[in-house]
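Coordinate inspection notes
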Amino acid sequence: PAEPSAVVLEYYRHMAAGEFEEAYNMVNAADRAARPVEEFVAAAGNPLQHAIIKQRTYEIKDTNIVGDTAKVSLGSTGPDIAKLQSMVVNDLLKENPQKPSAEALKARMMEWIAKPEAPKIVTAQQVFLVREEEQWRLDFDWDVENALRDVPVQQRTTPDAGDPAE
């Protein structure tokens, strides 16, 4: 079986190539059960999201394997979305002082993301994997996210100033 770092890079290669079902199949069974392939493909295939993914590059920094789990640390370079959004809004407001439409923002973002001079940002990232059926699979904890989403948020109360317990 491929090493965890090779699996991570292959996953991102599939994502950049628009091969979302192939990328999805590299995710562990618990996560696939928590997020249907159609939902994953719809999110990843969003044109703006995919444009961002296609511009990212990855460099493996470290791999730590303990039994049937692995952690791959990598550096990722890609479009600086915060800077790009600011640049795009400023450009659009110069052209027309009215609030830009969502469509205009998205179209201009797509233009800028593809430009070589688009601002970039380097981030550190950790990807976790589990070994299932003799293959390393990415573990994004979608099952945990779904479980947490179903837990009601409890209100916090502020103790009274005269409460002797405080």
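Fair warning: this is a prediction, and the values are worked out from it, not measured in the lab.

About the criteria used
- Residues numbered from 1 in each chain as written.
- Predicted model: local features only at pLDDT ≥ 70, side-chain atom pairs only at ≥ 80, totals over all residues.
- Heavy atoms only, no water.
- Salt bridge = Lys/Arg side-chain N within 4 Å of Asp/Glu carboxyl O.
- Helix = DSSP H or I, 4+ residues; strand = E, 2+ residues; numbered from the N terminus.
- Buried < 20%, exposed > 50% of the residue type's maximum accessible area, 1.4 Å probe, protein only.
- pLDDT = per-residue confidence, 0-100.
- Contact = heavy atoms within 4.5 Å.
- Pairing = 2+ DSSP bridges.

1. Structural notes on the pattern of salt bridges
Evaluation of the coordinates by the stated rule reveals eight salt bridges. The salt bridge involving lysine 61 is made with glutamate 59; its shortest N-O contact spans 3.5 Å. Two residues, aspartate 68 and arginine 131, come together in a salt bridge whose shortest N-O distance is 3.0 Å. Highlighted residues: aspartate 68 in the loop between strand 1 (57-66) and strand 2 (69-79) and arginine 131 in strand 3 (residues 120-132), separated in sequence by 63 residues. Judged by its relative accessible area of 30%, arginine 131 falls in the partly exposed class. What you see here is one network of salt bridges that share partners, running through Glu10, Arg13 and Glu19.

2. Observations regarding the confidence of the model for the chain
Should pLDDT be low for a region, the predicted coordinates there are not to be read in detail. When the pLDDT values of the chain are averaged, the result is 88; 87% of them are 70 or greater. In the predicted structure, residues 155-159 sits below a pLDDT of 50 and forms one contact with residues beyond four places in sequence or in another chain.

3. Section: the pairing of strand 2
Within strand 2, eight of the 11 residues are buried, leaving the element largely enclosed by the surrounding structure. Counting the residues that bridge the hairpin from strand 1 to strand 2 gives two residues, and of these glycine 67 lies at a positive phi of roughly 60°. Pairing analysis gives 11 bridges linking strand 2 to strand 3, with the strands arranged antiparallel. Along strand 3, the bridge assignment pairs serine 76 with threonine 123.

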